[in-house]
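Listed below are the residues making up each chain.
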Amino acid sequence: MHECCGIFGVYAPGEDVARLTFFALFALQHRGQESAGIATTDGKKLQVYAKMGLVSQVFDEDSLSHLSGDIAIGHNRYSTRGSSREINAQPIIVGKGSNSIAIAHNGNIINAEHLHQELSDLGYTFRTSTDTEVLANLILSSPEKRWVDRIRYAMHRLQGAYSLTLMTNHSLFGVRDPFGVRPLCLGTIDGGWVIASESCALDHIGASFIREIEPGEIVSITENGIDSYQEEVGRRALCIFEYIYFARPDSVINGRLLYPARQAMGEGLAQEHSVDADLVMGVPDSATAAGIGYALKSGIPLGEGLIKNRYVGRTFIEPDQRIRDLGVKLKFNPLPQMLDGKRVVVVDDSIVRGTTTPQVVKLLKRAGAKEVHMRICAPPIRYPCFFGVDMATRWELIAAQKTIPEVRDFIGADSLGYLSIDGLIKAVALPKDIFCMACFTGDYPIPVQLEMDKLALETMPPPGHPGIKQQ
Ligand code: SF4
């Protein structure tokens, strides 16, 4: 499962804003590894440098030195809408002269196709295949004069998830959709202001966290200071996967540090699904904290049974077939001395398609584990995500296809336990009604029926596929 993007913005006259943005993007690398980009303005025109690759591969001293100015925004991309090509790398600039904006987007616009058609009919042309360009042109198409009102105009038309950093030649904006699906926070640095997807980016550049940007809020930063505009909000729908997996464990969202929340998920699993075992391990790195929680609660010793190659997937060199066949072995190396003859509890963040977990179980058993008991922090994922998470279509989701005992047999584990929704909420320790949990419940916070019908038609199971069983 992949998140779509990390975004950042800084308004700090006199500072090297491109360098600050580089290091903030470096801290947000986990949110997207396909492309990276930075846009700046010198007060007269916007410029952008964005390419395919990791932040450290895209930028060097030379490219940063050309990105001068007092305001910058940055973006790490994992594509969910729009193909993975350099043309779709963000930030993107749209418009001309003083009527231009640079924009960086985390989320997914559900009615992008409809808006694209409407804007095309009005004569707007599109350079990329992203919903971000639709969003940007929608702002430009507003009849309003002030930028904040133009953004408001677009917010009234947009459906879906969007956290944005956006800049003009003289101002920086942070925008969060009324549901607050993706996180966004505000901080200060040496008299300037910063906006980031996660607070860990602020920590790494020496900025101080001020507060979250609220769902439906527009924060505007100009030479006159900072202003906030609040749009009407109804239901809130922060993606619960930020707590389970996406965000870094050292980030704070809604006042809750993620590390102890993940540890509490492990404790909840130990309570809900206890088992006699000799060793507990979290699948590194996303389930490390949850593994610790399970061990603490159950009293079963904690250990490491898999060592992760932390740089895997961070290369453009395609593996040949022989290397590809190694599958999960490219990512994890088991420790037979730790596993031999042991009954092992393995805590993982989630099971989506069920393609990786059987390989992990096999790897552990081949390395000598006598029993493997899988414990999963996320409840069964039975519905696809329409808000920017590249998950799968419904027929690809293993928990939409099979009962829990069938999933256990499919992955080859001796037992399988998912954390319940109540257990998850208890671990996160925040009110249930602020979250989106649609991929567990099918209760989407935004009407997605049309999109769902279309997706169902476009992605029918292949011939011979057993189809979706009703749970
Ligand atoms: S459907 Fe699931 S993955 Fe998507 S936003 Fe909601 S909780 Fe997050």
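Structure shown above.
Calculation criteria
Residues numbered from 1 in each chain as written. Predicted model: local features only at pLDDT ≥ 70, side-chain atom pairs only at ≥ 80, totals over all residues. Heavy atoms only, no water. Near = heavy atom within 4 Å. Nonpolar A, V, L, I, M, F, W, Y, C, P; charged D, E, K, R; others polar. Pairing = 2+ DSSP bridges. Helix = DSSP H or I, 4+ residues; strand = E, 2+ residues; numbered from the N terminus. Axes fitted to C-alpha atoms, helices over the stretch in contact; angles between N-to-C directions. Contact = heavy atoms within 4.5 Å. Polar contact = N/O pair within 3.5 Å; in protein donor to acceptor, adjacent residues only side chain to side chain.

K.L.:
Before we move on, could you go through the site of the ligand and cite the residues and values that matter?
P.N.:
Near the ligand the following residues occur: Arg-182, Cys-239, Ile-240, Phe-241, Cys-385, Phe-387, Val-389, Met-391, Cys-436, Ala-438 and Cys-439. Among the residues making up the shell around the ligand, the classes are represented as 10 nonpolar, no polar and one charged.

K.L.:
Describe the sheet that holds strand S17 (residues 279–282), listing the residues and the values that go with them.
P.N.:
On the basis of which strands lie adjacent, the open sheet formed by four strands has the order S17-S20-S21-S22 and parallel pairing. For this open sheet the edge positions go to S17 and strand S22 (415–418), each flanked by a neighbour on one side alone. If you compare each strand with its neighbour and ignore which way they point, the axes differ by 20° on average. Bridging between strand S20 (residues 343–348) and strand S21 (residues 371–376) involves six bridges; their strand directions are parallel. Of the residues in S21, the one forming a bridge with Asp-348 is Ile-376. Its contacts with the sheet place helix H10 (residues 288–298) against S17, S20 and S21, and it is angled at close to 155° to S17.

K.L.:
Just give me the short version of the side chain of Glu-242, but keep the residues and values in it.
P.N.:
Within the secondary structure layout, Glu-242 lies in helix H8 (residues 241–246). Engagement of the side chain of Glu-242 in a polar contact is seen with the side chain of Arg-31, the distance being 2.9 Å.

K.L.:
For the sheet that holds strand S2 (residues 35–41), give the residues involved together with the corresponding values.
P.N.:
Across the sheet, which stays open at both edges, the seven strands sit in the order S3-S2-S4-S1-S10-S9-S11 with antiparallel pairing between neighbours. Since the sheet does not close on itself, it has two edges, and those belong to strand S3 (46–52) and strand S11 (208–212), each with one partner. Ignoring which end each strand starts from, the neighbouring axes of this sheet average 15° apart. Strand direction decides the pairing type here: strand S9 (residues 185–189) and strand S10 (residues 192–196), joined by five bridges, are antiparallel. Counterpart to Thr-188 in the pairing with S10 is Trp-193.

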